[in-house]
Amino acid sequence: MAPHGCSYSALLLIICSVSVFIVTDSQDTTLSGGHHAAAVEDNPQAATEAAEKTSEQPAVEERRWEATEVEEATLHEAAADKQDTPAPETEAPSPVPQPKDDFQEELVIRPLHSGDIYASFQFRTLWETDFMSGNKVSHYRLFPKSLGQVISKFSVRELHISFTQGYWRTMQWGQPFQPAPPGAELWVWFQDSVTDVDGTWKELTNVLSGIFCASLNFIDSTNTVQPSASFKPLGIGNVTDHRFLRYATLPREIVCTENLTPWKKLLPCGSKAGLTVLLKSEKLFHSSFHSQAVHIRPVCQDWQCKTTSWELRQTLNVVFDLHTSGQGKREWSLFKMFSRTLTEACPLASSSKIYIDITDDPQGELFELSPATPLLSQAMVLGDRRTFSVYDLTQPVTFGTVRSLNPLIRWKSSEGDMLRPLLHAERYVAGYGLQTGEIHTLMYNNHPYRSFPVLLLDTVPWYLRLYIHTLTVTSKGKDNKPSYIHYQPSKDRLRPHLLEMLVQLPPNSVTEVTVQFERALLKWTEYTPDPNHGFYVGSSVISSLVPSIVAMDTNITMDRPLFSSFFPCKEESSFFVRVYTEPLLVNLPTPDFSMPYNVICLTCTVVAVGYGSLYNLLTRSFQIEEPSPGLAKRLANIIRRMRGVPPL
Amino acid sequence: MAAPLTLLLIVAVTIRAALYRSSLADLISERVEVVSPLTAWKRVVEGLALLDLGVSPYSGDVFHETPLIIYLFHFLVDYAEITFMLADVITAVALYLTVKEYNKQVFRKQKFALEADRYPLDCLELIRSPKEMFYIPLKVAMFYLLNPFTILSCVAKSTCGLNNAVLSLFILSTVKGNVLLSAIFLSLATYQSIYPLTLCASALLYLMQRQYIPVNFRRASFWWFIVQYAFMYLGSLFVIVCLSFFLLGSWDFLPSVYGFILSVPDLTPNIGLFWYFFAEMFEHFRLFFLCVFQINVFFYTIPLSIKLKEHPVFLIFMQLAVISIFKSYPTVGDIALYMAFLPVWSHLHRFLRNIFLVCCVLLTCSALFPVLWHLWIYAGSANSNFYYAITLLFNVAQILLVSDYFYAFLRREHHLCYGLYLKRKDGSEATLVLK
């Protein structure tokens, strides 16, 4: 029995060892397969991370020129890989003919003369689609679905919404790229197929309120107006019937993180990659000025305008006061501003660039910019020819050997003079007491020799009763009659005042517009919880075509050939500017909020005194007073009556 | 009598003209006691400016005058001061003539009663002599023209002065017995502000009394007269409203003028009872109290007409007073109109119970209005309750004044029936009480 058992165990051993061998073998094959896959993935990673293996660079470049689609797909995969998320199924080049949408991102940084830094983000999504046609758009790629549904549901032609914290100081900072009033601003052009514009507007504001986590639901008929001339469509389309336009501002709106997060969610890369990694709220809201906006409009796809596409432009402007926070040292970098540096572009973006405005310092005397970039770009911005250093984030060389980009400017001297903005406006309330007041709007034309017309739009809530006959417009001490006035008086608790006028601003002058108002006493329930803080009146809007600065210097013909400089160039002669004034804070007389019961009682008492005394005289007649008998006598009479005996 | 009246008119016009030229005019025209949203001159100018801009003045909530006023001032805007002075002069002269005529009738009636021995013997003290009645018309004109309330109202160019002129013309034509003119002026006054509607009853009573039509519901002549008057009144009202429609081309003015008077949307402080009450009102009770307060103005018409059916002129006085106390946007100009009638009742003074107190309160309140307004609105050291308290007191004083005169009037009538020195059954001196 024993040898038999031994052979049995030997057989078992053999089987075991064979099986172990087979298992290890198979493991080996899988390992080698894994290694192979890793080698395949190595290339695209190198494409993004760049630098170390310079020998691989030409190969990457070659691929880049070969097929952009494939590269985009692999880039996407690489990005996905980094974030430890499962790679999507787009590995193979899809048979879709041409992506109809396109995404671009850019950041413009401009050092301001005041020592502050102005950073302006723009994200543009273009999508060649038709929301208005019968078939429902259901497949969204780069364009945010929430906004696409809003456009198709409410038949929106154009939508412009901005949230701003702080006031843009034009005289210190120059003109902003995207002007916005403090608080929230919303203006929408509806398609002319909309029948009930007010109802659609009401629904739209409520929906947007949810999308942006803002108090846009407080927009109602008391702060909505239909400007007749100030807000024209910015996209294609020639509908200018202002019945389809609605404009509203909420000057009291506070903008904070809860508005930024939904705004970032609309971006294709979210806040994961590209320029958006810089948008951290703890830094963005620690600034002098913060403004974020969403603009949707239809634009032409090509120069012949055969096809139209929808443009979604998300902008974010922020001004940092680095001078005071940096202990007087004038230097800044991306890291100082945003406490982040850039390591990559958004993989979905077709273009991703940083522009740094170096117009004021062409020779590098005022400040130095590092790392230096060979790319320069010139552009006409707000009537001025500006020069920018450009960092192209889609180029791996931009990130250098440290694999991160952190542009830094160090000032050498604090000289330099800012050209005064040609158009500038301010506004204040004059007068004392809580009965009447006067709104003063000052508009400055700083152009030395040219006058230009401006459109002034004022929206004043109904509880400040404007007296239009007190409207005066004076420039240089003389009466300046507006050539066009559109005035819509307010209706109590229903509609605000709307005042629009076209005023010609003489050169180098201040034009003062004054109008008197009366403060209304409201019902006690109509006051805000902090009534003595005051009530906000939204900014006035000044829209104008301003003669450009380039056209202004006709006698400085430094670089230009003589033949080009005799007649001012038409294209450059004027540019569109919109200026917002400060919002106003106006106090209203208040009732005593603790008194409703007392007031009701006291007033009713007075009415009752009136009623009672008249009632008394009306119903009674004069009689001779009989002395009332004493108590004992009355009791005796009662008893006598019970006994049937005549009373005493 | 014409000479003193002329002198009075000259003095009154001089005072007004001097005030127009002074810097006080601007100050006065902003006072909430003097102008209400309905009558402010600033709003008339605003309406004209809106018309010039091509905007309907009724599309906004600033202008609440009637279309006739805006068209009147469309032509007279440069002569506004003269217009308002003229309105005051017309009012004064109309009141003067009214009272003169009324006194004549009172005297005639008294003479008949004396001849018929209808008065008890001890009532001779109560009989009014022509000597004391002689200066009453002049006093009335003086009370109106030199009343600080009227002067303020005129200097502020409050259109209340025009309403007063229309009302005084209505009273004059009624007292003179001109049925058609009475109806026309009453409809004009109603058109200006709804409340004079209640004067319809007193006008009817007076005219019927004058034409010896007994107030008897079973008589055809009574009803026939009412139909006649109603036809004239409603007809002229219809014509005026249609005229306004054709001048303006829309019915917008109806909600903007009458809706505004009745629904009280503008809570600007004034001397009335409405503003603070409805500023502090709970929203779900608002409509109820609005109805109560508005009905309150019209409510006294019928009981007062029944009680005073023999004395329609006193009824007019009572109703003017009730309207100016309880209307939604009262101003001092309204008070001035009924106060002008006080000299007519000078024979009641011996029966007034608390005239001294009421006068003191009225004077004190008038002085305190600007003080407390300043403390609330400009100095910020008081709040709305201070001003509200003064309006309450002012209204209580007015109510006491009116009810005191009513009491005195009724008591005098009682004495004229039953003798002045009433005795109890046991022969001791009796006191009169209301029972």
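Residues numbered from 1 in each chain as written. Chains lettered and ligands numbered in written order. Predicted model: local features only at pLDDT ≥ 70, side-chain atom pairs only at ≥ 80, totals over all residues. Heavy atoms only, no water.

Of regular secondary structure, chain A possesses 13 helices and 27 strands. Taking all contacts inside chain A whose residues are at least 6 apart in sequence as the whole, residues at least 24 apart take part in 75%. Only carbon and sulfur atoms are counted for the fraction: they give 57% of the accessible area of chain A, which is about 32100 Å². (Helix = DSSP H or I, 4+ residues; strand = E, 2+ residues; numbered from the N terminus. Contact = heavy atoms within 4.5 Å. Areas by Shrake-Rupley, 256 points an atom, 1.4 Å probe, with all protein chains shown as cover.)

So, about the sheet that holds strand 5 (residues 224–225) of chain A. By way of backbone hydrogen bonds, the strands of a sheet pair with one another, either parallel or antiparallel. All names here are of chain A. The eleven strands lie next to each other as 5-6-4-3-7-8-2-1-10-13-12, forming an open sheet whose pairing is mixed. Only two strands of the sheet have a single partner each, and these edge strands are strand 5 and strand 12 (376–381). Pairing analysis gives seven bridges linking strand 3 (residues 156–165) to strand 7 (residues 289–300), with the strands arranged antiparallel. Following the sheet pairing, Leu159 is matched in strand 7 by Ile296. The sheet contacts of helix 7 (residues 257–265) involve strand 2 (117–127), strand 7 and strand 8 (308–320), and relative to strand 7 the element is tilted by about 30°. (Pairing = 2+ DSSP bridges. Axes fitted to C-alpha atoms, helices over the stretch in contact; angles between N-to-C directions.)

Turning our eyes to something else, we now look at the packing of helix 8 (residues 148–155) of chain B against helix 18 (residues 332–339) of chain B. Residue and element names in this part refer to chain B. At a minimum axis separation of 8 Å, helix 8 and helix 18 run at an interaxial angle of 140°. By the angle class used here, helix 8 and helix 18 are oblique. In this structure, helix 8 crosses over helix 18, and the sense of that crossing is left-handed. Counting all contacts with helix 8, which are made through Phe149, Thr150 and Ser153, the residues of helix 18 involved are Val332, Gly333, Ile335 and Ala336. Split by residue class, the contact of helix 8 with helix 18 holds four nonpolar, three polar and no charged. (Parallel < 35°, antiparallel > 145°, perpendicular 65-115°, else oblique. Left-handed = near helix turned anticlockwise from the far one by under 90°. Nonpolar A, V, L, I, M, F, W, Y, C, P; charged D, E, K, R; others polar.)

All right, on to the confidence of the model for chain B then. Residues of chain B with pLDDT of at least 70 account for 100%, and the chain-wide mean is 93. Quick note on the complex model: pTM equals 0.84, ipTM equals 0.95. (pLDDT = per-residue confidence, 0-100.)

In this section: the state of the cysteines. Under the counting rule described, the total for this entry stands at two disulfides over all chains. The disulfide partner of Cys300 of chain A is Cys305 of chain A, and the S-S distance across this bridge is 1.8 Å. Where Cys300 of chain A bonds to Cys305 of chain A through sulfur, the torsion about that S-S bond is close to -65°, and the disulfide is left-handed. Classification of Cys300 of chain A by relative accessible area gives partly exposed; the value is 32%. Bonded cysteines in chain A are paired 1-4, 2-3 when counted in the order they occur along the chain. Cys291 of chain B forms no disulfide, and the closest cysteine sulfur to it belongs to Cys604 of chain A, at a distance of 14 Å. As a non-bridged cysteine, Cys359 of chain B has Cys360 of chain B as the owner of its nearest cysteine sulfur, 6.9 Å distant. (Disulfide = S-S within 2.5 Å. Buried < 20%, exposed > 50% of the residue type's maximum accessible area, 1.4 Å probe, protein only.)

Attention now moves to the interface of chain A and chain B. Of the residues lining the interface, 55 residues belong to chain A; the matching set on chain B comes to 70 residues. Our count for the contact surface shared by chain A and chain B stands at three salt bridges. In this structure, the salt-bridge partner of Arg465 of chain A is Asp266 of chain B, at a minimum N-O distance of 3.5 Å. When residues of the side of chain A that touches chain B are traced back to their parent elements, those giving at least two are strand 18 (464–475), strand 20 (484–488), strand 22 (509–519), helix 12 (596–619) and strand 27 (622–624) of chain A. (Salt bridge = Lys/Arg side-chain N within 4 Å of Asp/Glu carboxyl O.)

Taking 1.5 Å as the rise per residue, helix 13 (residues 631–643) of chain A with 13 residues should run 18 Å; its terminal C-alpha atoms sit 19 Å apart, in good agreement. The positive-phi residue at the C-terminal boundary of helix 13 of chain A is Gly644 of chain A, with phi of around 80°. (Expected span 1.5 Å × (residues − 1).)

Before going further, it helps to spend a moment on unusual backbone geometry. Residue and element names in this part refer to chain A. Positive phi is not limited to glycine here, since Ser155 has a value of about 50°. Structurally, Ser155 can be placed in the loop between helix 4 (145–154) and strand 3. Backbone geometry places Asn508, a non-glycine residue, at a positive phi of 50°. Turning to its location among the elements, Asn508 is positioned in the loop between strand 21 (497–505) and strand 22. Judged by its relative accessible area of 48%, Asn508 is partly exposed.

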